[in-house]
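Structural overview
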Number of protein chains: 2
Amino acid sequence: MRKHIFNAGPCVLADSVREDTARAVIELGNCGQSIMEVSHRSKDFEPILAETIADFKELLNIPEDYSILFLGGGASLQFCMVPYNFLRTKAAYLNTGTWATKAIKEAQLWGEEKVVVVGSSKDKNFSYIPKGYEIPTDADYFHITTNNTIKGTEIREDYDSPVPLIADMSSDIMSRPVDVKKYAMIYGGAQKNLGPAGATFVIIKNSMLEKVSDRPIPTMLKYSTHVDEGTMFNTPPVLPIYVIGQTLKWVKSLGGVKEMEKRAIEKANMIYNYIDDSDMFVGTVAKEDRSLMNLCFVMKDKYKDLEPEFLKCATAHNICGIKGHRSVGGFRASCYNALDIESVKFLVDLMKDFEVKNK
Amino acid sequence: MRKHIFNAGPCVLADSVREDTARAVIELGNCGQSIMEVSHRSKDFEPILAETIADFKELLNIPEDYSILFLGGGASLQFCMVPYNFLRTKAAYLNTGTWATKAIKEAQLWGEEKVVVVGSSKDKNFSYIPKGYEIPTDADYFHITTNNTIKGTEIREDYDSPVPLIADMSSDIMSRPVDVKKYAMIYGGAQKNLGPAGATFVIIKNSMLEKVSDRPIPTMLKYSTHVDEGTMFNTPPVLPIYVIGQTLKWVKSLGGVKEMEKRAIEKANMIYNYIDDSDMFVGTVAKEDRSLMNLCFVMKDKYKDLEPEFLKCATAHNICGIKGHRSVGGFRASCYNALDIESVKFLVDLMKDFEVKNK
């Protein structure tokens, strides 16, 4: 029986995407080969890659002077590639959580003194997005993490930055329209709103390649390597890219990122409205900074002991993935694009029912 | 209609592997989620990873003091990770082809003078494996490429090396028993004998981690990062790992790597014996260094003009992937583990028939 999948990532994918992928794993179209078997440099795959890139550009309205890459290694590899390529004298970082902290650590490898953390919400376990900080105008770039998967906060506006803005959008890409031209680069792991684990997307403004540091950079870590070769410098993750392509088609068929945003708001409101009324559950982050993707909440002190019981109850009701990260505790309901609103309704009804029975 | 898949990589996979994967893409076992949706840190996936590693160790008889990693980025990322971690004063490389050349280039990033190319077959377009060279006993490691996918040569013995031996076995891993204890590290892309594109395997002797250079190394590029976290430092390529696991089970069910070697010899002999008798076709590499995985051959000068016609003929007969790499020309029949001997027989019969008709 299919579960209600609230996983933080990898996470729920659309039914049609799973079905299309299963078919392609047996045979891609009528090409006599599986999507896992076709050469990446063949007429069987190259049009798929081209279409995936075109759909990506169309859905996010990406200007012509940006390139799209699909690499391996996850967002974690980008944490080092960004400073390797772009950190010359100074880089600004906003510290909004676990992943931002990791990105900062990698940049510091090129000199701790070169990394300016312009704002941090570490003082309150990253439960809010810092505001009112200043970005040094002589920084090589300013790095943000738009959605904090573990802590449950999100930056939902496209910042104006005096220096090139680089964003890790691993867990909220494709969940809302983005004003891409405000960013020099956007990157992230695919395993949330785009596809399965195993591919990392990079949206990079081509002119950034002119700003690359003159330090020796390994070929695979240079953005120019991948831009120059149309993301085919070496064998790309073919199957994950195929799934991304199918997911983008599914997003398009539903009306694009505007519709994704509408649904995300609807789903998130259902949960947030309920916990705000609840005597038992309470959100863990500042209301104005709440993530639409990863909704974190705990039980109030007086009911704290009941947390394991609710988790057991949810599991018994075919819900998976709602255990909160150990650094926050309680619960996290990740409501990515492919999560049906019926699953959210089911969870909220269960919470209500649990509250009534245990209050 | 299913093709005869002679692709150089990604390449043919076993029928049962494709079928198992298609099922898991819809639902993994009875877990209510797709293999693309399960959390990598869950009881749904962790046993799969553990079993895949155990089967890998069993099949190659890997000693206890080695770790197995599944990373992203391809063998190309290993080209820089190897010197990043292990090159201190001097590294020895054997240059046997396109990929070895790339590996050498990455090592040279840390100082051209530190890289000693102990032997090269570049003088004859890498059509043989250099012999009789000396490995400097003060080198940090000696790097070889056991199978040269593009050029069609293979090192089928396990060398004795006075310094730690590191081998790129991207395209011949699992095709023969390997005396792993002679190697400090073996790595490669999975997309030949192991699974789909998107995962890179690393077999590393744990004691190598003590020999890591003290230069600052980005976290994702440090082998110790991945060894310490049991190849789960960040989200691994879940689906590719699943397919690798299924492929290893398939290899086991057929009798392991000894049986794979027997089949590889049988298939390769079928083609090599024919071209050695042929007046039309001729192999491109030294007989003693011929690869069992990638069989390269061309038409003799007198028939050279017929090459495009044979290619057309093969395509018309449902054969794919036999066009030779542009740097060699002619044809390359890649005969990986999952290629059925019937496909090889079919190709040879077609070659014979073509020769008779066109001589």
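Take the domain arrangement of chain A next. Interface size, as often reported, equals the accessible area lost upon joining of the parts. All names here are of chain A. The domain architecture assigned to chain A consists of domain 1 (15-254) and domain 2 (256-358). Distance between the C-alpha centres of domain 1 and domain 2: 27 Å. Interface area, domain 1 with domain 2, both sides summed: about 2200 Å², of which 54% is carbon and sulfur. For the domain 1 face of the interface with domain 2, the top three residues by lost area are Ile150, Arg156 and Leu254, together amounting to 22%. Our count for the contact surface shared by domain 1 and domain 2 stands at two salt bridges. The interface formed by domain 1 and domain 2 holds 16 residue pairs in polar contact (both at pLDDT 80 or more) in total.

Residues and elements named next belong to chain A. For the structure shown, the criterion picks out 29 aromatic pairs over all chains. Geometrically, the ring pair formed by Phe281 and Phe297 is edge-to-face, given 5.9 Å between the ring centres and 85° between the ring planes. Here Phe297 lies in strand 12 (residues 294-299) and Phe281 lies in strand 11 (residues 281-283), a separation of 16 residues in the sequence. Residue class for Phe281 comes out buried when judged on its relative accessible area of 0%. Taking 5.1 Å as the distance between ring centres and 70° as the angle between the ring planes, the aromatic pair formed by Phe310 and Phe354 counts as edge-to-face. Linking Phe310 in helix 8 (residues 307-316) with Phe354 in helix 9 (residues 341-358), this pair joins segments that are 44 residues apart in sequence.

Tallying the contact residues gives 57 residues for chain A and 57 residues for chain B. Both faces considered, chain A and chain B share a buried interface measuring about 4400 Å² in area, 61% of it formed by carbon and sulfur atoms. At the surface where chain A touches chain B, the tally comes to four salt bridges. Among the salt bridges present, the one from Glu37 of chain B reaches Arg18 of chain A, with a minimum N-O distance of 3.9 Å. At the level of elements, helix 1 (15-26), helix 3 (74-86), helix 4 (98-108) and helix 6 (238-254) of chain A are the ones that each hand at least two residues to the side of chain A that touches chain B. Classifying every residue of the side of chain A that touches chain B gives 31 nonpolar, 17 polar and nine charged.

Pro10 of chain A follows Gly9 of chain A through a cis peptide bond whose omega is -5°. Summarising the element assignment, Pro10 of chain A is placed in the loop between strand 1 (4-5) and helix 1. One non-glycine residue, Phe126 of chain A, lies in positive phi territory at about 55°. Mapped onto the fold, Phe126 of chain A is located in the loop between strand 4 (115-120) and strand 5 (141-145). With phi around 60°, Thr231 of chain B is a residue other than glycine that occupies positive phi space. With respect to the element layout, Thr231 of chain B can be found in the loop between helix 5 (223-228) and helix 6 (238-254).

Residues and elements named next belong to chain B. On the basis of which strands lie adjacent, the open sheet formed by seven strands has the order 2-10-9-8-5-3-4 and mixed pairing. Two strands close off the open sheet at either side, each with one partner strand: strand 2 (66-71) and strand 4 (115-120). Adjacent strand axes in the sheet meet at a mean angle of 15°, parallel and antiparallel pairs treated alike. Pairing between strand 8 (residues 165-168) and strand 9 (residues 185-189): three bridges, direction parallel. What sits directly across from Ile166, in strand 9, is Met185. Strands strand 3 (91-95), strand 4 and strand 5 (141-145) of the sheet are contacted by helix 4 (residues 98-108), whose axis makes an angle of about 155° with strand 3.

Counted under the stated rule, the structure contains 50 salt bridges over all chains. Between Lys249 of chain A and Asp55 of chain A there is a salt bridge whose closest N-O contact spans 3.1 Å. Highlighted residues: Lys249 of chain A in helix 6 and Asp55 of chain A in helix 2 (residues 46-59), separated in sequence by 194 residues. Take Asp55 of chain A: its relative accessible area is 5%, and that puts it in the buried class. Glu259 of chain B is paired through a salt bridge with Lys262 of chain B; the nearest N and O atoms lie 3.8 Å apart. On the criterion of helical spacing, the pair formed by Glu259 of chain B and Lys262 of chain B is a turn pair, its members being three residues apart in helix 7 (residues 256-277). What you see here is one network of salt bridges that share partners, running through Glu51, Asp55, Glu58, Lys249 and Lys252 of chain A.

Rules behind the numbers
Residues numbered from 1 in each chain as written. Chains lettered and ligands numbered in written order. Predicted model: local features only at pLDDT ≥ 70, side-chain atom pairs only at ≥ 80, totals over all residues. Heavy atoms only, no water. Domains from an automatic or database assignment. Buried area = accessible area lost by both parts, 1.4 Å probe. Salt bridge = Lys/Arg side-chain N within 4 Å of Asp/Glu carboxyl O. Polar contact = N/O pair within 3.5 Å; in protein donor to acceptor, adjacent residues only side chain to side chain. Phe/Tyr/Trp six-rings, centres within 6.5 Å; stacked < 30°, edge-to-face > 60°. Helix = DSSP H or I, 4+ residues; strand = E, 2+ residues; numbered from the N terminus. Buried < 20%, exposed > 50% of the residue type's maximum accessible area, 1.4 Å probe, protein only. Contact = heavy atoms within 4.5 Å. Nonpolar A, V, L, I, M, F, W, Y, C, P; charged D, E, K, R; others polar. Pairing = 2+ DSSP bridges. Axes fitted to C-alpha atoms, helices over the stretch in contact; angles between N-to-C directions.

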